[in-house]
Amino acid sequence: MNRRRLAAEMWRDSVLVVANQLDIQQVGGPSGELTDADFRRRTLYGRIDRRQLDEFLALFDYPDPNSHRPQRDETVSALQKLYLLNHPFVLHNARCLALEVAAQSDNDAQRIHIAYELLYGRPPTIEESELGTAFVSSNSDDQLDAWARYCQVLLTANEMFYVD
């Protein structure tokens, strides 16, 4: 199978799942605003405005809702990366993921192993484990903040966006 990039909706849903933030209680019902911080339902339930497309969807190649397209364009732009670095949605879910991982172990190496299994479905390589441990231990002032930044890196890595 050729490598393919996840659609924006799939990536957003994946982030909510691994951060244990996806609201699975409500199936069906009214749509909501994707920009609302409390909207934790699947992206499928997000409101699509034909005149003003959501910022997240527009950045990540959502097709124009006013026309038919046989397939989506796949672009990589600086704005996409800036979104992943700065948007409250990403920062909040990285922090939630850090809390989830921290609750499962006290050992940094085990936490890194848990994070890789949860996000990528595989154990980290020795080099990845060493780099992660070095990063987290070098930020000794606020451990939760260091773990949130590390989790943000993992959430926004190519391995989270592509299916091999």
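Everything below is about the structure printed above this text.
Residues numbered from 1 in each chain as written. Predicted model: local features only at pLDDT ≥ 70, side-chain atom pairs only at ≥ 80, totals over all residues. Heavy atoms only, no water.

**Considering the overall build of the chain**
- Scanning the chain from terminus to terminus reveals 8 helices and 2 strands.
- Helices (α) and strands (β) of the chain occur, in sequence order from the N terminus, as β-α-α-α-α-α-α-α-α-β.
- Taking 15 Å as the expected radius of gyration for a compact globule of 164 residues, we find that the chain reaches 17 Å, a close match to that expectation.
- Its C-alpha atoms give the chain principal-axis dimensions of roughly 50 × 35 × 25 Å.
- Burial status across the chain gives 38% buried among its 164 residues.
- A separation of at least 24 residues holds for 56% of the contacts in the chain among residues at least 6 apart in sequence.
- For the chain, the accessible area works out to roughly 10,000 Å², and carbon and sulfur atoms hold 51% of it.
- Computed over 17 positive and 25 negative side-chain charges, the separation of the two mean positions in the chain equals 7 Å. (Helix = DSSP H or I, 4+ residues; strand = E, 2+ residues; numbered from the N terminus. Rg over C-alpha atoms; globule rule 2.2 N^0.38 Å. Buried < 20%, exposed > 50% of the residue type's maximum accessible area, 1.4 Å probe, protein only. Contact = heavy atoms within 4.5 Å. Areas by Shrake-Rupley, 256 points an atom, 1.4 Å probe, with all protein chains shown as cover. Lys, Arg positive; Asp, Glu negative; His and termini not counted. Charge placed at Lys NZ, Arg CZ, Asp CG, Glu CD.)

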